[in-house]
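Listed below are the residues making up each chain.
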Amino acid sequence: MPAGYRLIPTNPPEDSDDPSPHHGDRAETTSVVDEDAETAERDAHLGVKKVEAALRVYGRYSRWCLFIGLALASYIYSLDASTTSVYLTFATSSFGEHSLISSITVAQSLIVAVGKPVIAKVADVSSRGTAYTGVLFFYVLGYIVIASAPSVSRIAGGIILYAIGYTGLQLLTQIIIADITTLTWRGLVVSLVSAPFLVNAFIGSNIAAFVIQHAGWRWGYGMFAILVPAALAPLIVTLLWAENKAKKLALIESVAPYPDPTHGRPASDGPVGGTTSSEDTLLRRFLRTAEQLDLVGLILLGTAISLVLLPLTISQTVKGQWRNGSILLMLVVGIFLLFVFAYWDLRVAKRPVIAPRFVKNRSVVFASLIGFFDFMSFYLTFTYLYSFVLVVKPWSLIDATYFMQIQTVALTFFGILAGVSMHLMHRYKYVLVFGLVVRLVGVAMMIHSRGANASDAELVWTQILQGIGGGLAAVSAQVGAQAAVPHVDVAIITAIVLLLTEIGGAVGNACAGAIWSNTMPTNLEKYLPWLTDEQRAELYGSITSVTSSPRGDPVREGVIQAYDDTMKIMVLCAIIFSVVPVFLALGMPNWYLGDKQNAVDAANLTSRESMDGGDDENVDGVGVREP
């Protein structure tokens, strides 16, 4: 394979059954040529080779087992996300350490973010089945530790172990879908795995309440140590069976030997995954594995992201906040290490986590930035939304909880519609741009709905519109990024896009916290001047002290006015950041979503050429943006 990505026609062949004419497309060829592309495909992607080989041994029944396994994995992931956050409140309270919830969730969010590229690299270097097995191990071990924890510190340790499994399950499910689906179907299948949230968004809280009342929080966690292995077993067994069968049939292609990092000579003459020479020492094997994983790059990236996210998430809870020297030091060191990581991966690493070709790939960069700014905007308005509706509206707790689930349901439902639309149109860009515009409208409407006199319908519609836009945009942006890279890069690209999205959420959360802490006390003093400083501090620190007063009470009405002024600042910032993704989406290439694994080479799902490899001079390039 030549270095770089080979161009294929943007439109389906004339004899194709694909009914999607694209007359008049102007070729805008996206050249992504880098010397490291060939190296990346040779020896650092055994997992991809195994997937492509395994797809050639699946029959009708084994393929159904794979899809059923994915469905079960998706459901258990949804049930977990909808219930376990409730258990943490009761778990920490049982040890009298309820205040540590924020610290534990910060640690969990860090692992969820930085774990993605690590797991993607492991899945590429080993295999998808092996990576799933490792994810399951951490998942179960984490929940066992939590369920048997004698102290809150053990709970925190279990949460960290569990977070590795949780983020791995989320990422690997997306990767497997990209492995086994063509572009024309991928958006629909990606969105369907979120379908369980349509059910669990409403019944999850009821399940959690039942468990707390009748079994206790330990069983709430402990039951997942049983349910998760049962749910993931069909998928893992199917993946490992297919990989083993492909190996027995010698379908896993051999690759060129790669140099020993200690001597600069070939380390193995056999196929990938075979035995190494007798001269190999433990050190050489470790160095070779470290090179394949880009261990240095992963450590630099994980440390840098942690040092950036940690001050963003805890700045509002430490003494002095942003004036605290430790907070500033962590942020400065984290940003510095990001530059060190960039230099290492772009200039030094032989098999980098973020290869130079990714940075030059417009689809990948823009999709990552869309996720970053979209989540930043989302968390600016969502962080204090629950508190706002409890204070402003005379709703019951269950009604407020249902309100908070509206956007999740809309995201899921319209994500499925986005997948259907992309399948029918064979394009993703129209869906992406429309979705981001609708989301912008939903955010802009909140300027009035965050006021004291907003109607119930207005509040609900802002959430519905944001859910519609977010569902359309999230699925289409991911498909657009995956379409722009060959199969060997799909796993790490998916991880990068999700990582930048997580970072955007953390930044948005931090910005919301900063706005809240710097404006809310002043606004309370403005609208409640007759109260003492201690009384205003109590209203600022406790939502129950506000909701204990009925609507119409001068104190509650003053707090509502204070909320109004503070929330509008957050919404204005969110509107600004919501505009950026729209312009980024307009700049993305409008890839044709055909019956190929991706849009940049001529390989089908099993990495075999499905088109004549002749002269490409008279065909349009893949990176087409329609006039």
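Scroll up to find the structure.
Attention in this report is confined to the structure presented alongside it. (Residues numbered from 1 in each chain as written. Predicted model: local features only at pLDDT ≥ 70, side-chain atom pairs only at ≥ 80, totals over all residues. Heavy atoms only, no water.)

Where helix H5 (residues 128-147) meets helix H10 (residues 224-248), the axes come as close as 9 Å, and the angle between the chain directions of the two elements is 170°. For the element pair H5 / H10, the angle class is roughly antiparallel. Every residue of H10 that contacts H5 at Arg 128, Gly 129, Thr 130, Tyr 132, Thr 133, Leu 136, Tyr 139, Val 140, Tyr 143 and Ile 144 is listed here: Phe 224, Ala 225, Val 228, Pro 229, Leu 232, Leu 235, Ile 236, Leu 239, Leu 240 and Glu 243. Taken together, the residues that form the contact of H5 with H10 break down as 15 nonpolar, three polar and two charged. (Axes fitted to C-alpha atoms, helices over the stretch in contact; angles between N-to-C directions. Helix = DSSP H or I, 4+ residues; strand = E, 2+ residues; numbered from the N terminus. Parallel < 35°, antiparallel > 145°, perpendicular 65-115°, else oblique. Contact = heavy atoms within 4.5 Å. Nonpolar A, V, L, I, M, F, W, Y, C, P; charged D, E, K, R; others polar.)

Let us now look at the state of the cysteines. Joining two cysteines, a disulfide is a covalent bond between their sulfur atoms. Taken as a whole and assessed by the stated rule, the structure comprises zero disulfides. Not part of a disulfide, Cys 573 finds its nearest cysteine sulfur in Cys 511, a span of 7.4 Å. The partly exposed category is assigned to Cys 573, whose relative accessible area is 25%. (Disulfide = S-S within 2.5 Å. Buried < 20%, exposed > 50% of the residue type's maximum accessible area, 1.4 Å probe, protein only.)

Next up on the list: the packing of helix H17 (residues 397-425) against helix H18 (residues 429-449). Across the interface, H17 lies against H18 with an axial gap of 10 Å and an inter-helix angle of 155°. Considering the angle they form, H17 stands roughly antiparallel to H18. The handedness of the crossing between H17 and H18 is right-handed. Every residue of H18 that contacts H17 at Gln 407, Ala 418, Ser 421, Met 422 and Met 425 is listed here: Tyr 430, Val 431 and Arg 439. (Left-handed = near helix turned anticlockwise from the far one by under 90°.)

Inspection of the secondary structure assignment puts Thr 105 in helix H4 (residues 101-125). Look at Thr 105 and you get partly exposed, because its relative accessible area is 34%. Thr 105 sits 55 residues away from Ile 160 along the chain, and the two C-alpha atoms are 9.4 Å apart.

Turning our attention to unusual backbone geometry. Its identity as a non-glycine residue notwithstanding, His 426 has a phi of 60°, on the positive side. Here His 426 lies in the loop between H17 and H18. Its relative accessible area of 5% is what places His 426 among the buried residues.

Bringing the packing of aromatic side chains into the picture now. In the structure shown here, the tally under the stated rule is 24 aromatic pairs. Here the aromatic rings of Phe 373 and Phe 577 are separated by 6.3 Å at their centres, their planes lie at 20°, and the arrangement is stacked. You can see Phe 373 sitting in helix H15 (residues 362-382) and its partner Phe 577 sitting in helix H23 (residues 554-586), a full 204 residues away along the chain. Accessibility expressed as a relative area gives 23% for Phe 577, which makes it partly exposed. Among the aromatic side chains, those forming a connected cluster through ring pairs are Tyr 77, Tyr 87, Phe 95, Tyr 139, Tyr 143, Tyr 162, Tyr 166, Phe 197, Trp 217, Tyr 221 and Phe 224. (Phe/Tyr/Trp six-rings, centres within 6.5 Å; stacked < 30°, edge-to-face > 60°.)

Right, let's get into the environment of Phe 388. Along the polypeptide, Phe 388 turns up in helix H16 (residues 385-392). For Phe 388, a relative accessible area of 1% corresponds to the buried category. Each C-alpha atom of the pair Phe 388 and Arg 450 lies 8.2 Å from the other, and the pair is 62 residues apart in sequence.

Looking now at the pattern of salt bridges. Using the criterion set out here, one finds 10 salt bridges in the structure. The salt bridge involving Glu 502 is made with Lys 116; its shortest N-O contact spans 3.2 Å. Here Glu 502, found in helix H20 (residues 490-527), pairs with Lys 116, found in helix H4; they are 386 residues apart in sequence, far enough to count as distant. Accessibility expressed as a relative area gives 0% for Lys 116, which makes it buried. Measuring nitrogen to oxygen at the nearest pair gives 3.0 Å for the salt bridge that ties Arg 128 to Asp 124. With respect to class, Arg 128 is no different from Asp 124; both count as buried. Through salt bridges that share partners, Asp 124, Arg 128 and Asp 179 make up one connected network. (Salt bridge = Lys/Arg side-chain N within 4 Å of Asp/Glu carboxyl O.)

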